[in-house]
Amino acid sequence: MSDPITPKLDFIREIISADLASGKHATTITRFPPEPNGYLHIGHAKAICLNFGIAAENAATGAKCHLRFDDTNPEKEESEYVESIKADVKWLGFDWGSDLYFASDYFTFFHDCAVHLIKQGKAYVEQQSAEEMRTNRGNLTTLGTPSPFRDRPEEESLDLFARMKAGEFKEGDCVLRAKIDLTSPNMNLRDPVLYRIMHAEHHNTGNAWCIYPLYDFAHPLEDALEHITHSLCTLEFENHRPLYDWFIDNCPVPSKPRQIEFARLGLTYTVMSKRKLLQLVQEGHVSGWNDPRLPTLSGLRRRGYPPEAVVHFCKRVGITKFSGTTDVALLEFDVRDFLNTSAPRRMAVLDPVKVVLENWSTEPHASVEVPNHPQNPEAGNRDIPISHEVWIEREDFMEIPEKKFHRLGPDRHVRLKGGHIIRCTGFEKDADGNITIIRAEILPGTI
RNA sequence: AGCCUCAUAGUGUAAUGGUAACACCGCAGAUUUUGAUUCUGUUAUUCAAGGUUCGAGCCCUUGUGAGGCUACCA
């Protein structure tokens, strides 16, 4: 492809190479952690290229990128999505090697961390309703007020939590909450929920659990468990970072990953919301997740977009903290650019009109030879059959040509691609004035 | 309204405190057996106001604008 893209480091790569240089980390381990609740789209490609790209660039130090399914919510996740996500990451050209993980494989560890927090007096079982909790959490301008259960004895919470796990409660009866700060201006710190009860079957763990951890609690633990050095996520998690760090600091974790946020990809004229894409699929407005009109990776693939173009686009867009909207023309350029150098050429006539070559027999050819690629002789040639009748695009003929029209018209000359120069000698129209046949003669010796 | 973050051509992204640039898009022209490609030329940029400095896109202050946060989603 044309420009190799300046090797300039974005702010995240800047941080990583500084950590490598200072010796803070001997290598770098990143991860791409999708929730298997839908198909991947062009926005995910940006995160995939970032995480796997960083691993590839630092391969000499042993850097890796994990593929981890963040499957902590059994109600929304399915195995079909797991498989599609793997296929899409591979399609883009990335390889997680043996580093394939599922957050659900860590459920025991999450549970043990929760027990640890309770014992430390840093978590408690909440028995207010969801509505009461919401009310008592306050809002953007008013402080939260403590739950009556906030200072219950640790033993009591321990017992209640064990009974939650044992399935003694209905969904919504109680949750486990972290004890942090109800007066924090950061809502995420107002005693967030760690565990909720869900009597649902999980695509991976089946019915082994009926309590499931929430993202804010599980994610930092997942990262730490896998020794992720740099946990890259999108901007909306910026306010969650203090919470991320709180769990890392207060749980018995084997490493201390760092969360760094970057802007997600926004594209003009493009629906990128997973919720809306799901709706389009479920309500049958599209033929499926791989409908070519969708910006899903499988849709782009079916549309004929080369993965190389998508990757190149992601590199060109770069990584910043500015949440803008990229003109889809930038993506389309990369697609055309890649296709232009790689695609063998073929012709098609979409709206045909017959052209009769009246003096054909004067210089007959069964076929003509044309190159497969105009700029690349190595692509070879192919034969196109030709006879006294050929078909041209209806819009390539004008009875009364306008100023800048360079195509066929009465008494005009034009070259048949791969063939002769021909001259239009006449044409016929039907009752409605539509051209039905164009007559022409070949100019001998012009092939 | 509180907190967090961000702000460079139309779009995206660069510029150790020292000449504001690259790509896409647009426009004009040349070449062309794809009105493609290629080539040439070209329009247009530091949100605002102060401050520090010999010198500010960059540092400081204030303002403005934009995004995010009030799930038992991720």
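Everything numeric in this text was worked out from a predicted model, so none of it was measured.

Cut-offs applied
Residues numbered from 1 in each chain as written. Chains lettered and ligands numbered in written order. Predicted model: local features only at pLDDT ≥ 70, side-chain atom pairs only at ≥ 80, totals over all residues. Heavy atoms only, no water. Pairing = 2+ DSSP bridges. Helix = DSSP H or I, 4+ residues; strand = E, 2+ residues; numbered from the N terminus. Axes fitted to C-alpha atoms, helices over the stretch in contact; angles between N-to-C directions. Near = heavy atom within 4 Å. Polar contact = N/O pair within 3.5 Å; in protein donor to acceptor, adjacent residues only side chain to side chain. Nonpolar A, V, L, I, M, F, W, Y, C, P; charged D, E, K, R; others polar. 1 Å grid on protein atoms, 1.4 Å probe; cavity = no way out; pocket = protein on both sides within 12 Å on 5 of 7 lines; lining within 4 Å. Points joined across faces, edges and corners; volume = space filled by probe spheres on them. Core = buried A, V, L, I, M, F, W, Y, C linked by side-chain atoms within 4.5 Å. Buried < 20%, exposed > 50% of the residue type's maximum accessible area, 1.4 Å probe, protein only. Contact = heavy atoms within 4.5 Å. Right-handed = clockwise from strand over helix to strand, strands pointing away.

Asks: Sorry, what's going on with the sheet that holds strand 16 (residues 435-442) here?
Replies: Think of a sheet as strands paired side by side through backbone hydrogen bonds, with each pair either parallel or antiparallel. Here we have five strands laid out as an open sheet, ordered 13-10-16-15-14, and mixed in their pairing. Every interior strand has two partners, whereas the edge strands, strand 13 (389-393) and strand 14 (413-415), have only one. Within the sheet, the average angular offset between the axes of one strand and its neighbour, ignoring direction, is 40°. As paired strands, strand 10 (residues 352-357) and strand 16 are joined by four bridges and run parallel to one another.

Asks: Got a minute to help me understand the protein's contact with RNA strand B in this structure?
Replies: In the neighbourhood of RNA strand B, 55 residues make up the surrounding shell, with Lys8, Arg316, Arg345, Arg407 and Gly418 lying closest. If you look at RNA strand B and keep only atoms within 4 Å of the protein, 59% of those are sugar or phosphate atoms. Between Lys76 and RNA strand B, the recorded distance is 3.0 Å, taken from a side-chain N or O atom to a sugar or linking oxygen. Every element with two or more residues in the surface near RNA strand B is listed here: helix 5 (130-136), strand 6 (193-197), helix 11 (307-317) and helix 12 (328-342). By residue number, the principal contributor to the surface near RNA strand B is helix 12, which donates five residues. Here the surface near RNA strand B is composed, by residue class, of 18 nonpolar, 19 polar and 18 charged.

Asks: Would you explain empty space enclosed by the protein in this entry?
Replies: Over the atoms, a rolling probe the size of a water molecule traces out where space has been left empty. What the rule picks out here adds up to one cavity of 30 Å³ or more. Looking at the largest cavity, its volume works out to about 40 Å³. If you trace the largest cavity, you find it lined by Tyr215, Asp216, His219, Pro220, Phe237, His240, Tyr244 and Gln259. Broken down by element, the residue count for the lining of the largest cavity peaks at four residues, all from helix 7 (residues 215-225). Along the lines of polarity and charge, the residues of the lining of the largest cavity split into four nonpolar, three polar and one charged.

Asks: So what exactly am I meant to see when it comes to the nonpolar core here?
Replies: Counting residues in hydrophobic clusters, the biggest one holds 45 residues, and the most contacted among them are Ile12, Ile42, Val89 and Leu92. Listed by contribution, the elements that provide at least two residues to this core are helix 1 (11-22), helix 2 (42-57), strand 2 (64-69), helix 3 (79-91), strand 9 (258-262), helix 10 (297-303), helix 11 and helix 12. Beyond its immediate stretch of four places on either side in the chain, Leu92 contacts Ala45, Ile48, Leu297, Pro307, Val310 and Val311. Judged by nonpolar contacts, the second largest core, of 36 residues, contains Leu117, Phe161, Ala178 and Leu221.

Asks: Even after reading the chapter, I still don't get the sheet that holds strand 3 (residues 100-102), so can you show me in this structure?
Replies: Read from one edge to the other, the open sheet built from three strands follows the order 1-2-3, with strand pairing classed as parallel. Strands at the two margins of the open sheet, each flanked by one partner only, are strand 1 (29-32) and strand 3. The average undirected angle you get between the axes of adjacent strands in this sheet is 35°. Pairing analysis gives three bridges linking strand 2 to strand 3, with the strands arranged parallel. Residue Phe69 lies in a different strand from strand 3, and its bridge partner there is Phe102. Its contacts with the sheet put helix 2 on strand 1 and strand 2, and the angle it makes with strand 1 is roughly 160°. Along the sheet, helix 3 makes contact with strand 1, strand 2 and strand 3, crossing strand 2 at roughly 155°.

Asks: Honestly, the pairing of strand 9 in this entry has me stumped. Any pointers?
Replies: Most of strand 9 sits out of view: four of its five residues are buried. Pairing geometry for strand 8 (residues 230-234) and strand 9, over five bridges, is parallel. Pairing of Ser231 across the sheet is with Gln259, part of strand 9. In the classification by handedness, the crossover that spans strand 8, the intervening helix 8 (residues 241-250) and the parallel strand 9 is right-handed.

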